[in-house]
Structures are given as structure tokens and as C-alpha cells.
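# Coordinates in review
The chain contents come next:
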Amino acid sequence: MKNCLVVDDSKVIRKVARHILESLDLSVSEAVDGQDALTQCEASAPDVVLLDWNMPVMSGMEFLQALSSAKMTARPKIIFCTTENGISHIKAAVDAGADEYVMKPFDRETLESKLSIVGII
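Residues numbered from 1 in each chain as written. Predicted model: local features only at pLDDT ≥ 70, side-chain atom pairs only at ≥ 80, totals over all residues. Heavy atoms only, no water.

## Structural notes on the nonpolar core
Grouped burial of nonpolar side chains is what soluble globular proteins tend to show. Counting residues in hydrophobic clusters, the biggest one holds 22 residues, and the most contacted among them are Val 7, Val 49, Leu 51, Phe 63, Ile 78 and Phe 80. Broken down by secondary-structure element, the contributors of at least two residues to this core are strand E1 (3–7), helix H2 (34–43), strand E3 (48–51), helix H3 (60–69) and strand E4 (77–82). Among the elements that take part in this core, H3 stands out by supplying 5 residues, more than any other. What Phe 63 contacts, discounting residues up to four positions off in sequence, is Gly 34, Ala 37, Leu 38, Cys 41, Val 49, Leu 51, Met 58 and Ile 78. Counting 18 residues, the second largest nonpolar core, distinct from the first, contains Leu 26, Val 28, Leu 50 and Val 118. (Core = buried A, V, L, I, M, F, W, Y, C linked by side-chain atoms within 4.5 Å. Buried < 20%, exposed > 50% of the residue type's maximum accessible area, 1.4 Å probe, protein only. Helix = DSSP H or I, 4+ residues; strand = E, 2+ residues; numbered from the N terminus. Contact = heavy atoms within 4.5 Å.)

Written out as C-alpha cells, the structure reads:
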């Protein structure tokens, strides 16, 4: 079973994402910010990270930068999941290493499509 790390400071978003991801037969873990996510990724890399942009402690962009120098056996796929919808934000995320980008609010169909694009389902 593939596993997904949901990184978001909103408990509601994590709960919604977990419900959708588990319905797609993915194992789900959660992180409340980028630092928490980085620690979890270094301990056991997930197959995919659903990543929020704006978070306390360490933002999504800071997490991506730190992830590039982290010691891991395999780099997870990264799907940015955020309300930031400007072309400059999308370009910055992709340039920093994001594999896909999804806008909040998202639904099962959208998330399933993005997971398919990055080869997780």
C-alpha cells in the first residue's frame, strides 16, 4: 500500500484529505508543519506528500528546499495543495521541486487525478 504524508496546519484540511486518500487505498500520516514533515520524511519517506504552502514553523517552500538536501533513500512525489493560485506561485513551486499543484478546496476527483499524474495510483 502506498503512503501519503498530509502536511497542513489546518486540522480540518488534514481530516478531509485523510478521508479522500484512505478511500483511494492509501495509507495516511499527518504533519502540522514543514519541520514536522521533514522529520517524518527523514525517518521513513512516504511515496507522496500533500503539502500546504502557508504554515508556521516551516512553510511548504522551506520544506521543499530542506527536502532537497535531506538524506533519504527515495524522494517522495510532492503535490502542493494550497489557496495560492497565482502563476508565479505555481511556477515557484514547480521550480522548487513540486511535481503537481492542486487548489483548495479540492475534491476526490481532483486529488485522484493529481495522484494519477504523479504515478501514485
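## As for the UniProt feature "domain: Response regulatory" (unreviewed entry) in the chain
Per the UniProt record, "domain: Response regulatory" (unreviewed entry) is found at residues 3–119. The distance from the first to the last C-alpha atom of residues 3–119 is 13 Å, and the span holds 45% helix and 21% strand. (UniProt positions renumbered as here; feature names shortened; annotations may be inferred.)

## Observations concerning the environment of Glu 109
As for its position among the elements, Glu 109 is in helix H5 (residues 108–117). For Glu 109, a relative accessible area of 64% translates into the label exposed.

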